[in-house]
Amino acid sequence: MTLARLLNKTVTVQRRLLGSDDVYGNETQDVVVVGDVGGYIEQTDETEIRDDRATYISTHLVLLEADTQVGPNDRLEIDGVGYEVIGQPFRPWNPRTRTVPHVECRVRVVEG
């Protein structure tokens with residue numbers, strides 16, 4: 001199976017940019033849709049924190065098309081669920097083909 005066949009989810013890349021100041025003088029953030037790319041997602045970890053309520057924190061690995069421009073403050077939307085990119089995305093080098101075959105991102109669920 002080729003990697004291209006695994007990238008079967010539509011991933012919407014969203015970039016957060018600094019916007020204007022609100023009425024209290026705080027900077028706001030505007031969200032700009034960069035575009036849709038092919039992707040693959042799998043859950044890598046889930047943690048349950050118990051206080052007065054149950055809190056679930058799950059992290060996932062997302063593979064994106066090689067030419068995808070994504071950064072550590074970007075958001076991804078997959079199947080109606082919002083994810084936040086954790087850290088700098090990784091672009092693995094394949095010495096056999098001398099190319100970067102995909103982009104790897106660690107993400108966490110922020111809504112959905």
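Please read all numbers here as calculations on a predicted model, not as lab measurements.

Visitor: Just checking my understanding: could you explain the environment of D79 for this structure?
Guide: One can find D79 in the loop between β4 (75-78) and β5 (81-90). On the basis of relative accessible area, D79 is assigned to the exposed category, the value being 58%. Among the polar contacts listed, one links the side chain of D79 to the side chain of K9, at a separation of 2.7 Å.

Visitor: How should the pattern of salt bridges be read in this particular structure?
Guide: For side chains bearing opposite charge, pairing can occur when the charged atoms are close. If you walk through the whole model with that rule in mind, you get four salt bridges. Across the pair D79 and K9 runs a salt bridge, and its minimum N-O distance is 2.7 Å. Of the two residues, D79 sits in the loop between β4 and β5 while K9 sits in strand β1 (residues 9-21), which places them 70 residues apart along the sequence. The exposure class assigned to K9 is partly exposed, which follows from its relative accessible area of 30%.

Visitor: Would you mind going over the nonpolar core with me for this structure?
Guide: Generally speaking, a soluble globular protein has its nonpolar side chains buried in company with each other. V62, L64, V70, L76, C105 and V107 are the most contacted members of the largest nonpolar core, which totals 14 residues. Only β1, β2 (27-50), β3 (54-65), β4, β5 and β6 (102-111) provide two or more residues apiece to this core. Of the residues forming this core, the biggest block, three residues, is contributed by β6. Discounting chain neighbours no more than four positions away, the residues touching V70 are V13, R15, L64, L76, V85, P89, R91, V103 and C105.

Visitor: Is there a simple way to think about the confidence of the model for the protein in this case?
Guide: Across the protein, pLDDT averages 88, with 90% of residues at or above 70. Mean pLDDT values over the elements of the protein span from 79, in helix α1 (residues 3-6), up to 96, in β4.

Visitor: Where do I start with unusual backbone geometry in this structure?
Guide: With the exception of glycine, the majority of residues adopt a negative phi angle, and the majority of peptide bonds are in the trans configuration. At D79, a position not held by glycine, the phi torsion is positive, near 55°. Of note, R98 is a non-glycine position whose phi angle comes to about 55°, a positive value. For R98, the position within the fold is in the loop between β5 and β6. By relative accessible area, which is 64% here, R98 ends up exposed.

Rules used throughout
Residues numbered from 1 in each chain as written. Predicted model: local features only at pLDDT ≥ 70, side-chain atom pairs only at ≥ 80, totals over all residues. Heavy atoms only, no water. Helix = DSSP H or I, 4+ residues; strand = E, 2+ residues; numbered from the N terminus. Buried < 20%, exposed > 50% of the residue type's maximum accessible area, 1.4 Å probe, protein only. Polar contact = N/O pair within 3.5 Å; in protein donor to acceptor, adjacent residues only side chain to side chain. Salt bridge = Lys/Arg side-chain N within 4 Å of Asp/Glu carboxyl O. Core = buried A, V, L, I, M, F, W, Y, C linked by side-chain atoms within 4.5 Å. Contact = heavy atoms within 4.5 Å. pLDDT = per-residue confidence, 0-100.

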